[in-house]
Amino acid sequence: MSDHRKERTLVIIKPDGVQRSLIGEIVGRFERVGLKLVGLKFMVPDAAQVEEHYTLDPEWKRKVGEKAIESYKKKGQTPPSEDPNVIGNAVVERLKNYMTSGPAVLMVWQGAHAVELVRKLVGGTEPRSSDVGTIRGDFVLDSYSMADTDDRAIRNLIHASGTVDEAKQELALWFGEKEVVEYRLVAESILYDVNLDGILE
Ligand code: ADP
Ligand code: MG
């Protein structure tokens, strides 16, 4: 049986998140849902690593382009290109500028449904349309149209792995085995114990 408490996901507080002084707020959101921080580093990402990160999934460029086109069409607007791959290629270049513009916080969060929960707390890609209550919905206002007008990446504060497989690949890219710490968190008993039989004296 796979241990559901062991699921891990990669979270990056992007350079705009650091500059907006949102590190504590963002870390707090993952802590309070019950996830455990098992890896943490502060660094200026390197352009080659950023490119590698966003091209781990060979389908990503097409998907990112399709998402942008759909968002424009939903608003009755014309997308900058009808070819998802053209958009995808441009986005990778923009992300290299964005992600290397300053220090970022890289974190590994662990716990049941870590990947899915973190994505839920982070919210949709475009802050303009991401839900109220999510990190992107609550703390920033960027949009596809502003990013395209200024030929830059959408500033949405944070990266979070999209699937368990994606998380595994991304974690291998950014964290060495020794940089992730295995330890017990006292609160885990309350989250995961079957009988809660360690409370009463
Ligand atoms: P998410 O970060 O929500 O998983 P994607 O993986 O689709 O989103 O895209 C990665 C990042 O690229 C986004 O978080 C955003 O910063 C940027 N981005 C995505 N699409 C565009 C776009 N059309 N124009 C500019 N930047 C984009
Ligand atoms: Mg993604």
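Within any chain, residue numbers begin from 1 and follow the written order of that chain's sequence. The order in which chains are written sets their letters, starting at A; the order in which ligands are written sets their numbers, starting at 1. For this predicted model, a pLDDT threshold of at least 70 governs which residues receive local features, and a threshold of 80 or more governs which side-chain atom pairs are given and counted, while totals over whole chains, interfaces and linings are taken from all residues. Remark: hydrogens and water are excluded; side-chain values derive from all non-hydrogen atoms of the structure.

Colleague: Honestly, the nonpolar core in this entry has me stumped. Any pointers?
Modeller: Nonpolar side chains in soluble globular proteins tend to end up buried together. Among the nonpolar cores identified, the biggest contains 28 residues, and I12, W60, L95, W174 and F175 are the most heavily contacted of them. The secondary structure listing takes helices from DSSP runs of H or I that are at least 4 residues long and strands from runs of E that are at least 2 residues long, numbered from the N terminus. Contributing elements (two or more residues each) for this core: β1 (8-13), α3 (47-54), α4 (60-74), α5 (84-99), β3 (104-110), α8 (144-149) and α9 (164-174). The element contributing the most residues to this core is α5, with six residues. We call two residues contacting when some pair of their heavy atoms lies within 4.5 Å. Not counting residues within four places of it along the chain, the set of residues in contact with F175 comprises L10, G39, L40, K41, L106, M107, V108 and V180. Membership of the second largest hydrophobic core comes to 19 residues, among which are V11, V105, M107 and L157. Working definition of a nonpolar core: buried Ala, Val, Leu, Ile, Met, Phe, Trp, Tyr and Cys residues. They are joined through side-chain atoms within 4.5 Å. With a 1.4 Å probe rolled over the protein chains alone, any residue whose accessible area is under 20% of its type maximum counts as buried; one over 50% counts as exposed, and the rest are partly exposed.

Colleague: When you look at the pairing of β3 in this model, what are you seeing that I'm missing?
Modeller: Two faces, one strand: in a regular strand the side chains alternate between the faces of the sheet. Buried residues dominate β3, accounting for seven of its seven residues. Burial along β3 is two-sided: A104, L106, V108 and Q110 and V105, M107 and W109, pointing in opposite directions, are all buried. At least two DSSP bridges between two strands are required for those strands to pair. Of the pairings in the sheet, the one linking β1 to β3 comprises six bridges and is antiparallel in character. In the strand pairing of β3, R8 is matched with Q110. Pairing of strand β2 (residues 36-43) with β3, which is carried by seven bridges, proceeds in the antiparallel orientation. Along β3, the bridge assignment pairs K41 with L106.

Colleague: Where do I start with the sheet that holds strand β4 (residues 158-160) in this structure?
Modeller: Two modes of strand pairing occur in sheets, parallel and antiparallel, and in both the strands are linked by backbone hydrogen bonds. Strand order in the open sheet made by the four strands is β2-β3-β1-β4, with antiparallel pairing throughout. Of all the strands in the sheet, just β2 and β4 have a single pairing partner and so form its edges. Taking each pair of neighbouring strands and ignoring which way they run, the sheet shows an average axis angle of 15°. Only the contacting stretch of a helix is used when fitting its axis, a line to C-alpha atoms as for every element, and angles between N-to-C directions run 0 to 180 degrees.

Colleague: I keep staring at the site of ligand 1 and nothing clicks. Help me out?
Modeller: Proximity is defined per residue: if any heavy atom of the residue lies within 4 Å of a molecule or strand, that residue is considered near it. Of all residues adjacent to ligand 1, which total 18 residues, the nearest are W60, K67, T125, I154 and N156. Interatomic distance of 2.8 Å between a side-chain N/O atom of N156 and an oxygen atom of ligand 1. Computed by Shrake-Rupley with a 1.4 Å probe, the accessible areas treat only the displayed protein chains as cover when residues are assessed. For ligand 1, whose free accessible area comes to 530 Å², the fraction covered by protein is 96%. Note on definitions: the grid is 1 Å and covers protein atoms alone; a cavity is a set of points where a 1.4 Å probe fits but cannot get out; a pocket is an open set with protein on both sides within 12 Å along at least five of seven lines; lining residues have an atom within 4 Å of a point. A molecule is said to be in a cavity or pocket once over half of its atoms fall within 2 Å of that pocket's grid points. Under a 2 Å grid-point criterion requiring more than half of the atoms, the pocket assigned to ligand 1 is the largest pocket. Of all the secondary-structure elements, those providing two or more residues to the shell around ligand 1 are α4 and α5. The definition of a polar contact used here is a pair of N or O atoms within 3.5 Å, where within protein one atom must be able to donate a hydrogen and the other to accept one, and adjacent residues in sequence count solely through side-chain atom pairs.

Colleague: In this structure, what is going on with the packing of α3 against α9? I would like to understand it.
Modeller: Packed helices, taken two at a time, are described by the angle their axes make and the gap between the axes. It is at 10 Å that the axes of α3 and α9 come closest, and there the two elements cross at 165°. The angle between α3 and α9 places the two elements in the roughly antiparallel class. Regarding α3 and α9, the two cross each other, and that crossing is right-handed. Between α3, through Q49, V50, E52 and H53, and α9, the contact on the second element is made entirely by E170, L173 and W174. Three residue categories are used. Nonpolar comprises Ala, Val, Leu, Ile, Met, Phe, Trp, Tyr, Cys and Pro, charged comprises Asp, Glu, Lys and Arg, and polar comprises the others, including Gly. Within the contact of α3 with α9, the residues separate by chemical class into three nonpolar, two polar and two charged. Oblique is the label for any angle not covered by the other classes, which are roughly parallel (under 35 degrees), roughly antiparallel (over 145) and roughly perpendicular (65 to 115). If you view the pair so one helix is near and one far, a crossing is left-handed when the near helix is turned anticlockwise from the far one by less than a right angle, and right-handed when it is turned clockwise.

Colleague: What is the right way to read empty space enclosed by the protein from this model?
Modeller: Regions of empty space are outlined by a rolling probe, equal in size to a water molecule, passed over the atoms. Grid points are joined across faces, edges and corners, and a volume is the space filled by probe spheres set on the points. The full count for this structure, using the stated rule, is one cavity of 30 Å³ or more. If you add up the space inside the largest cavity, you get close to 30 Å³. Along its surface, the largest cavity is lined by S71, Y72, K75, Q77, E126, R128, Y144 and S145. When residues of the lining of the largest cavity are traced back to their parent elements, those giving at least two are α4 and α8. For the lining of the largest cavity, a count of residues per class yields two nonpolar, three polar and three charged.

Colleague: What am I meant to see in the layout of surface pockets here?
Modeller: There is about 750 Å³ of room inside the largest pocket. In this structure, the largest pocket is lined by 36 residues; those nearest its centre are Y54, W60, V64, K67 and T125. Those elements giving two or more residues to the lining of the largest pocket turn out to be α3, α4, α5, α8, β4 and α9. Looking at the lining of the largest pocket, the element that brings in the most residues is α5, giving six residues. Partitioning the lining of the largest pocket into residue classes produces 16 nonpolar, nine polar and eleven charged. A volume near 280 Å³ is recorded for the second largest pocket. Forming the boundary of the second largest pocket are 13 residues, of which R8, K168, L171, A172 and V180 lie nearest the centre. A total of five residues in the lining of the second largest pocket trace back to one element, the largest contributor, which is α9. Here the lining of the second largest pocket is built from residues that sort into six nonpolar, one polar and six charged.

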